[in-house]
Amino acid sequence: MRTLRLLAIALAALFSAHCMKAASPVEPLECRLEAVHPLVAGGPVALRFRLANRTDGPLWVLRWNTPIEGWRGTIFTVTFQGAELPYRGPMVKRGDPGAEEYVKVTPETSINVSLDLAEAYDVKRPGKYEVKVTGSLLDVTKDAAAVPHPRDRQQPMALQCAPLTLDVH
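Residues numbered from 1 in each chain as written. Predicted model: local features only at pLDDT ≥ 70, side-chain atom pairs only at ≥ 80, totals over all residues. Heavy atoms only, no water.

Caption draft 1: Main features of the state of the cysteines. Taken as a whole and judged by the stated rule, the model has one disulfide. A sulfur-sulfur separation of 1.2 Å characterises the disulfide bridge that pairs Cys31 with Cys161. Between Cys31 and Cys161 the disulfide shows an S-S torsion of about -130°. By sign, it is left-handed. Pair noted here: Cys31 is in strand β1 (residues 29-36) and Cys161 is in the loop between β11 (157-158) and β12 (164-168), with a separation of 130 residues, a long-range link. (Disulfide = S-S within 2.5 Å. Helix = DSSP H or I, 4+ residues; strand = E, 2+ residues; numbered from the N terminus.)

Below is the structure:
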């Protein structure tokens, strides 16, 4: 009987350890896309991008190749009825960043940016569009004194946003 109890306790401990290991860690930065209504074919198709810090201290994020800096490259994949739309906005080639290219994201605040999808994609037809954030943050650090990082010492971080479906009328 005592052996059975010990076996049950051991199995419970093993199961608990496995569940704790399997739990996904909280991402340091959370991103979200939202539509800003109305979404009218041939007019502006506004999106709101939100980046929130889930750590206990500030983070410095390089704004390059993110919605935070606006249209400077392919930051989204946009599809219309399953077909990918080409990006038609400006493209920028760069060297090493300056400190002014970083934005501070504190746990108490979030970065909120609005973009008009019609400025960089052909969203003139009514229907369903899907927007996905592509790529990653090029450099993220907790150390304000370390920015800017030269390109060969940047610390990229995946940017995981749920895709957004837009119903443009």
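Caption draft 2: Representation of the environment of Lys132. As for its position among the elements, Lys132 is in strand β8 (residues 127-133). Among the residues examined, Lys132 registers a relative accessible area of 38% and is labelled partly exposed. Each C-alpha atom of the pair Lys132 and Ala162 lies 7.2 Å from the other, and the pair is 30 residues apart in sequence. When neighbours within four sequence positions are excluded, Lys132 is seen to be in contact with Ile75, Phe76, Thr77 and Pro163. (Buried < 20%, exposed > 50% of the residue type's maximum accessible area, 1.4 Å probe, protein only. Contact = heavy atoms within 4.5 Å.)

Caption draft 3: Local environment of the pairing of strand β2 (residues 46-53). In this structure, β1 lies alongside β2, joined through eight bridges in antiparallel fashion. Residue pairing across strands places Glu30 opposite Ala52, the latter belonging to β2. Strand direction decides the pairing type here: β2 and strand β7 (residues 110-116), joined by seven bridges, are antiparallel. Looking at β7, one finds that Leu47 is bridged to Leu115. (Pairing = 2+ DSSP bridges.)

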